Structure formats: structure tokens, C-alpha cells
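Analysis of the macromolecular model
If you want the building blocks of each chain, they are given just below.
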Amino acid sequence: MRQVALNIMIAILWVLFQDEEAFHFHTFIIGYLIGIVIIYVLHKFFDQEFYPRKVWVSFKFLMVYLYQLLTATFSIINYVLFKATTMNPGLVRYETKLNTDWQVTFLTILIIITPGSTVIHVNRNPNLFLIHAIDVTEKEKKSLLKSIKQYEALIMEVTK
């Protein structure tokens, strides 16, 4: 967060030093790009990683989540319209590698928001999730666990 604020400050100073009659957005962008270069050169002194990487990881996380949400939504529509009599609801256990309360809570929210599954219980000692799924056939169970592992890997990458 400090790097972003510093980068914006460098961009504003660049605009002010240009001594133009009016504010020009392209001057701000040039200052922002110069700020990125300066921060990249000096980012080792911040004891943090270079912040555009965090922005990229967050964007990637958002895109993966939106993709999962869309595919799960169409899957639920398919179940409701065409497979209502062949659904096999049940419980799935999942042991996570996430450590902090924030990470576990975030994973829980992601599982709950995804249609067709909800978290029933979280045990913090072995970090075990008990998840209710709309269909627990082997194919669907494998798909659900793959999605959860993908969420878990992205959460670990974002909070690294």
C-alpha cells in the first residue's frame, strides 16, 4: 500500500513540475510510469515485493473466481432443468493447508458463494471443511475439490 501511495505521489509531483496551464491526464500517466520505474529500482528497501505483482495476482484471482462462478451457475441451471431427479446431494470433506483465520474465512466465503455447495462445518485443529454439495458423484466431487484447491492456491498466492 505504501508503494501505491508513493507512486501516486510521484505522478502528482511530475504533473506539478511540468508547469502546464491545465491538468493533462497523459502527463499524470507518464509520471505514474516513471514512478513505477523508480519504485522497481528501490522496492528492495521497502521490505515488500513489487506491488504490480500483487495487482496481477489479484486480477488473476478475480478472473478465476468469475469463471468458476459462471460454470457453477450453468451447472446448477442444468441440474434444475434437466437432472432434478438424478441429483445425488451429500457431504464432502476437504482438508486445507491454509493457516490463518483470514485465509480460512476467505476460502469459506468463496465456497459458499459458488452455487451448488456450502460449508457446513470448519474444524480448525486439522483444518477440515465439511461441505454440502448438490451432487457428489465421483465426477462432480472431483470437479468441486479441484475448484477448492484452485481457490486455496490463489489465496496462498495473494496472501504470500
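Placed above this text is the structure.
As a starting point, this report considers the structure included with it. (Residues numbered from 1 in each chain as written. Predicted model: local features only at pLDDT ≥ 70, side-chain atom pairs only at ≥ 80, totals over all residues. Heavy atoms only, no water.)

As for a nonpolar patch on the surface
- Where nonpolar side chains cluster on the molecular surface, the patch consists of Ile 8, Met 9, Ile 12, Leu 13, Leu 16 and Phe 17 and spans about 620 Å² of accessible area.
- Tracing the sequence through the fold places Phe 17 in helix 1 (residues 2-18). (Patch = residues over 30% accessible without salt bridge, like charges linked within 9 Å, V, L, I, M, F, W, Y side chains within 5 Å. Areas by Shrake-Rupley, 256 points an atom, 1.4 Å probe, with all protein chains shown as cover. Salt bridge = Lys/Arg side-chain N within 4 Å of Asp/Glu carboxyl O. Helix = DSSP H or I, 4+ residues; strand = E, 2+ residues; numbered from the N terminus.)

Describing the packing of aromatic side chains
- What the rule picks out here adds up to nine aromatic pairs.
- Judged by centre distance (5.2 Å) and plane angle (15 degrees), the ring pair of Trp 102 and Phe 106 falls under stacked. Taken together, the residues Trp 102 and Phe 106, both in helix 4 (residues 101-113) and four residues apart, mark about one turn of the helix.
- Relative accessible area serves as the criterion here: at 49%, Trp 102 is assigned to the partly exposed category.
- One aromatic cluster is present, formed by Phe 23, Phe 25, Phe 28 and Tyr 32 through successive ring pairs. (Phe/Tyr/Trp six-rings, centres within 6.5 Å; stacked < 30°, edge-to-face > 60°. Buried < 20%, exposed > 50% of the residue type's maximum accessible area, 1.4 Å probe, protein only.)

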